[in-house]
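Given next are the chains, with one letter for each unit.
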Number of protein chains: 2
Amino acid sequence: MPQDAPVVKKQAVQHYGAEVLFYDRQTEDRTLFTEKIAEERNLTLIPPYDHPSVIAGAGTVAYEILAEQPELDCMMTPVGGGGLISGTSITAHGFNPKIMIYGVEPEQADDTRQSLQLGKRVMIAPPSTIADGLRLQSPGELTFPIVQQHVTDILTVSEAEILQAVKFALLRLKLVIEPSGAVPLAAILFNKLPKKYKRVGLVISGGNIDPPVLTSVMEQK
Amino acid sequence: MPQDAPVVKKQAVQHYGAEVLFYDRQTEDRTLFTEKIAEERNLTLIPPYDHPSVIAGAGTVAYEILAEQPELDCMMTPVGGGGLISGTSITAHGFNPKIMIYGVEPEQADDTRQSLQLGKRVMIAPPSTIADGLRLQSPGELTFPIVQQHVTDILTVSEAEILQAVKFALLRLKLVIEPSGAVPLAAILFNKLPKKYKRVGLVISGGNIDPPVLTSVMEQK
């Protein structure tokens, strides 16, 4: 995990029995860091997004949504490395090729939006968005072509909009959603999606939020 | 609503389009208050627990749980006026008469526990527990005989145990549960239930919790 991962995430993973190792995401490369440990200890590396099985696994979320509600016009997911939106879009288009897929990134971490506009993977500086799960600098090698093929557009939301969505989820949906998971909800609440869609499915994923962040969310006007 | 109901509950209900009227639960009687308004405005009163249809409605929660997981040894619910536990226990015993039913009350609002022990409905002083949905002074007229017939025991939890359960739900279950809804979880976390049960179903109901309470829960050690 990055050293600045939420404490609650670290504690939960340790409590479930895992050993957690940390790297500095400003100065170290995650891929090199994990590959080195995997080699030293003879472990199998499970990458967070850039692997066909991981993409397929992420797609099961969309499968569950569409099994329950097949008549969607549009689906939205957060975009970090692109695994979730790749699995979502492949699954959705297996159900119905007309479902429009939108990704949502924080304004400060719009590497995939920029990459789509330029038609190639760009690398941005390490973002400082509160959505810690979306602090990616570049789309994945496997995921980016899938995003190019299947995704209609990438929307962006501000830090304040993300916090408002977390607060709305807490007080009205009664769900603890981490900032990274709240970006599609923020896009809906702040009218970023074209108005023409009538039935929109949101993937809201991740509930690792530290108590001080929860407290500051509560204090948002 | 009582004047001291959570602000978030009042705001949510108003936002959904209702007119909210308040009474002072220290000095006014809720039943008289609502009957008077119903008569003045020619409205139908829907009682919160002491009515066969309300009890049956509450029982649908147990129906959903048991449809998904019929092999339960035991079910637990919060106990306020007794509607939820009445519906739960009738439904559960329709599935399987061997399912043990436990109710949970705050230590400060144990009117049903005391009533069961004495074999008749007792009236306690207005309780000041943080579990505002369970601040009842007496079990219902219809619900109490059902509780006597179907419920194995009433467990109690302290105010600190309730807050710990709310915190556990927030940080580990990622659910916003109001103190009233958290009492069965508190009973499990603090070992109030006999150890012999292997498969226990909890009804966790209600997410109306004010931001200052959420903040204070976060600050619990």
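Nothing here was measured: the structure is a model prediction, and the numbers come from that model.

Visitor: Sorry, what's going on with the overall build of chain A here?
Guide: Within chain A one finds 9 helices and 4 strands. For chain A, the N- to C-terminal ordering of α and β elements is α-α-α-β-α-β-α-α-β-α-α-β-α. In terms of its C-alpha atoms, chain A occupies a principal-axis envelope of roughly 50 × 40 × 35 Å. Of all 221 residues assigned to chain A, the portion counted as buried reaches 47%. Within chain A, residue pairs in contact and separated by at least 24 positions form 67% of the contacts whose partners lie at least 6 positions apart. Of the roughly 11,000 Å² that chain A leaves accessible, carbon and sulfur atoms contribute 53%. Side chains of chain A carry 20 positive and 25 negative charges; the gap between the two charge centres is 8 Å.

Visitor: How should the environment of Cys74(B) be read in this particular structure?
Guide: Residues and elements named next belong to chain B. Looking at the secondary structure, you find Cys74 in strand 1 (residues 74–78). For Cys74, a relative accessible area of 0% puts it in the buried group. Considering only alpha carbons, one finds Cys74 and Arg199, 125 residues apart in sequence, at a separation of 6.6 Å. Sequence-distant contacts of Cys74, that is, excluding residues within four places in its chain, are made with Ile99, Met100, Tyr102, Leu193, Tyr197, Arg199, Val200 and Gly201.

Visitor: What exactly am I supposed to notice about the relation of the copies chain A and chain B here?
Guide: What relates the pair of chain copies is a rotation about an axis plus a shift along that axis. Each copy of the sequence occupies a distinct position, and chain A is placed on chain B by a rotation of 180 degrees and an axial shift of 0.0 Å, giving an RMSD of 0.0 Å. Interpreted geometrically, this transformation is the action of a two-fold axis.

Visitor: Sorry, what's going on with the environment of Asp132(A) here?
Guide: By the element assignment, Asp132(A) lies in the loop between helix 5 (111–118) and helix 6 (143–150). Apart from residues lying up to four places away in sequence, Asp132(A) is in contact with Pro6(A), Lys9(A) and Ser180(A).

Visitor: I'm lost on the nonpolar core in this one. Help?
Guide: Grouped burial of nonpolar side chains is what soluble globular proteins tend to show. Grouped together as the largest cluster of nonpolar side chains are 58 residues, with contacts concentrated most on Met76(A), Leu170(A), Met76(B) and Leu170(B). Ignoring anything within four residues of it in the chain, the contact list for Met76(A) reads Tyr102(A), Val104(A), Leu155(A), Pro184(A), Ala187(A), Ile188(A), Leu193(A), Val200(A), Gly201(A), Leu202(A) and Val203(A).

Visitor: Quick question: what am I supposed to make of a nonpolar patch on the surface here?
Guide: On the surface, Phe168(A), Leu173(A), Leu175(A), Leu189(A), Phe190(A), Phe168(B), Leu173(B) and Leu175(B) cluster together into a nonpolar patch covering about 570 Å² of accessible area. Mapped onto the elements of the fold, Leu189(A) is located in helix 8 (residues 179–189).

Visitor: Even after reading the chapter, I still don't get the packing of helix 7 (residues 159–173) of chain A against helix 8 of chain A, so can you show me in this structure?
Guide: Each pair of packed helices can be described by the angle between their axes along with the distance between the axes. All names here are of chain A. Remark: helix 7 packs on helix 8, axes separated minimally by 8 Å, with the N-to-C direction vectors making an angle of 90 degrees. By the angle between their directions, the pair helix 7 and helix 8 is classed as roughly perpendicular. Only Pro179, Ala182, Val183, Leu185, Ala186 and Leu189 of helix 8 make contact with helix 7, whose side of the interface consists of Glu161, Ile162, Ala165, Val166, Phe168, Ala169 and Leu173. Residue composition of the contact of helix 7 with helix 8, grouped by class: 12 nonpolar, no polar and 1 charged.

Visitor: Honestly, the sheet that holds strand 3 (residues 153–157) of chain B in this entry has me stumped. Any pointers?
Guide: Strands in a sheet are paired, the pairing made by backbone hydrogen bonds, and the direction either parallel or antiparallel. Residue and element names in this part refer to chain B. The sheet built from 4 strands is open, its strands ordered 3-2-1-4 with parallel pairing. Looking at the sheet topology across the chains shown, the edges are occupied by strand 3 and strand 4 (200–202). Direction aside, neighbouring strands of the sheet carry axes that sit 25 degrees apart on average. Bridge count for strand 2 (residues 100–106) against strand 3 is 5 bridges, and the pairing is parallel. In the strand pairing of strand 3, Glu105 is matched with Thr156. Its contacts with the sheet place helix 5 (residues 111–118) against strand 2 and strand 3, and it is angled at close to 145 degrees to strand 3. Lying on the sheet, helix 8 (residues 179–189) is in contact with strand 1, strand 2, strand 3 and strand 4; it crosses strand 1 at an angle near 140 degrees.

Visitor: Sorry, what's going on with the environment of Gly133(B) here?
Guide: Residues and elements named next belong to chain B. Inspection of the secondary structure assignment puts Gly133 in the loop between helix 5 and helix 6 (143–150). Sequence-wise, Gly133 and Val79 are 54 residues apart; in three dimensions their C-alpha atoms are separated by 9.2 Å. Ignoring any residue separated from it by four or fewer positions in sequence, one finds Gly133 in contact with Gly80 and Ser180.

Visitor: Is there a simple way to think about the packing of aromatic side chains in this case?
Guide: Applying the stated criterion across every chain yields a total of 6 aromatic pairs over all chains. Ring geometry for Tyr23(B) and Phe33(B): centres 5.5 Å apart, planes at 35 degrees, overall tilted. Linking Tyr23(B) in the loop between helix 1 (7–15) and helix 2 (30–41) with Phe33(B) in helix 2, this pair joins segments that are 10 residues apart in sequence. Assigned by exposure class, Tyr23(B) and Phe33(B) land together as buried. A cation over a ring is seen here: Arg172(A) above Tyr16(B), with NZ or CZ 4.9 Å from the ring centre.

Parameters at a glance
Residues numbered from 1 in each chain as written. Chains lettered and ligands numbered in written order. Predicted model: local features only at pLDDT ≥ 70, side-chain atom pairs only at ≥ 80, totals over all residues. Heavy atoms only, no water. Helix = DSSP H or I, 4+ residues; strand = E, 2+ residues; numbered from the N terminus. Buried < 20%, exposed > 50% of the residue type's maximum accessible area, 1.4 Å probe, protein only. Contact = heavy atoms within 4.5 Å. Areas by Shrake-Rupley, 256 points an atom, 1.4 Å probe, with all protein chains shown as cover. Lys, Arg positive; Asp, Glu negative; His and termini not counted. Charge placed at Lys NZ, Arg CZ, Asp CG, Glu CD. Least-squares fit on C-alpha atoms with pLDDT ≥ 70 in both. Core = buried A, V, L, I, M, F, W, Y, C linked by side-chain atoms within 4.5 Å. Patch = residues over 30% accessible without salt bridge, like charges linked within 9 Å, V, L, I, M, F, W, Y side chains within 5 Å. Salt bridge = Lys/Arg side-chain N within 4 Å of Asp/Glu carboxyl O. Axes fitted to C-alpha atoms, helices over the stretch in contact; angles between N-to-C directions. Parallel < 35°, antiparallel > 145°, perpendicular 65-115°, else oblique. Nonpolar A, V, L, I, M, F, W, Y, C, P; charged D, E, K, R; others polar. Pairing = 2+ DSSP bridges. Phe/Tyr/Trp six-rings, centres within 6.5 Å; stacked < 30°, edge-to-face > 60°. Lys NZ or Arg CZ within 6 Å of the ring centre and 35° of its normal.

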